[in-house]
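# Descriptive structure summary
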Amino acid sequence: SIFGDIQTGKENIEGPIHCHGLAWGDGTIDSSNVYKGNNLFFVSMYDHMYTRGYVRNAPGSSMCGCAENMAVVTRADCTE
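Residues numbered from 1 in each chain as written. Predicted model: local features only at pLDDT ≥ 70, side-chain atom pairs only at ≥ 80, totals over all residues. Heavy atoms only, no water.

Of regular secondary structure, the protein chain possesses two helices and two strands. Ordering the α and β elements of the protein chain from the N terminus gives β-α-α-β. For the protein chain, buried positions account for 16% of its 80 residues. Taking as baseline every contact in the protein chain between residues at least 6 positions apart, the subset at least 24 positions apart corresponds to 52%. For the protein chain, the exposed area adds up to about 6,200 Å²; of that, 57% sits on carbon and sulfur atoms. (Helix = DSSP H or I, 4+ residues; strand = E, 2+ residues; numbered from the N terminus. Buried < 20%, exposed > 50% of the residue type's maximum accessible area, 1.4 Å probe, protein only. Contact = heavy atoms within 4.5 Å. Areas by Shrake-Rupley, 256 points an atom, 1.4 Å probe, with all protein chains shown as cover.)

Next comes the structure, spelled out in structure tokens:
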């Protein structure tokens, strides 16, 4: 695990990690596609940063990226 300490062998030294995905429809008039920017702002800036205080990236991952390029997490949500 990337969250383990190599020297002591302890696992999960980072604590709980939360990942949140975003999804939207393919149609140009689909409301989830039209308002995807609002959804991204709400989840990242209001809900996660302002309300919950999530302000750091998971070690080995960027703050925003594709799921296949992200680290293993203990919890994940998705908003459409």
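Back to the text.
This brings us to the packing of aromatic side chains. Tallied over the full model, the rule gives two aromatic pairs. Site record: aromatic cluster; members linked through ring pairs are Phe-42, Tyr-46 and Tyr-50. (Phe/Tyr/Trp six-rings, centres within 6.5 Å; stacked < 30°, edge-to-face > 60°.)

A cluster of nonpolar side chains, namely Phe-41, Met-45, Met-49 and Val-55, defines an oily patch on the protein surface of about 390 Å² accessible area. Note on placement: Met-45 falls in helix H2 (residues 36-52). (Patch = residues over 30% accessible without salt bridge, like charges linked within 9 Å, V, L, I, M, F, W, Y side chains within 5 Å. Salt bridge = Lys/Arg side-chain N within 4 Å of Asp/Glu carboxyl O.)

Turning our attention to H2. In a regular helix each residue adds 1.5 Å, so 17 residues correspond to 24 Å; H2 covers only 21 Å between its end C-alpha atoms and thus falls short of that length. The largest bend along H2 reaches roughly 30° and is located at Phe-42. The first or second residue beyond H2 is Gly-53, which carries a positive phi of 80°. (Expected span 1.5 Å × (residues − 1). Bend = angle between axes of the 7 residues up to and from the residue.)

Residue position: Asp-47 is located in helix H2. Setting aside anything within four residues of it in sequence, one finds Asp-47 in contact with Phe-42 and Arg-52.

This next bit is on the confidence of the model for the protein chain. Mean pLDDT over the protein chain works out to 74, with 68% of the residues at or above the 70 mark. Across the protein chain, the element-wise mean pLDDT spans from 73 in strand S2 (residues 75-79) up to 89 in helix H1 (residues 31-34). (pLDDT = per-residue confidence, 0-100.)

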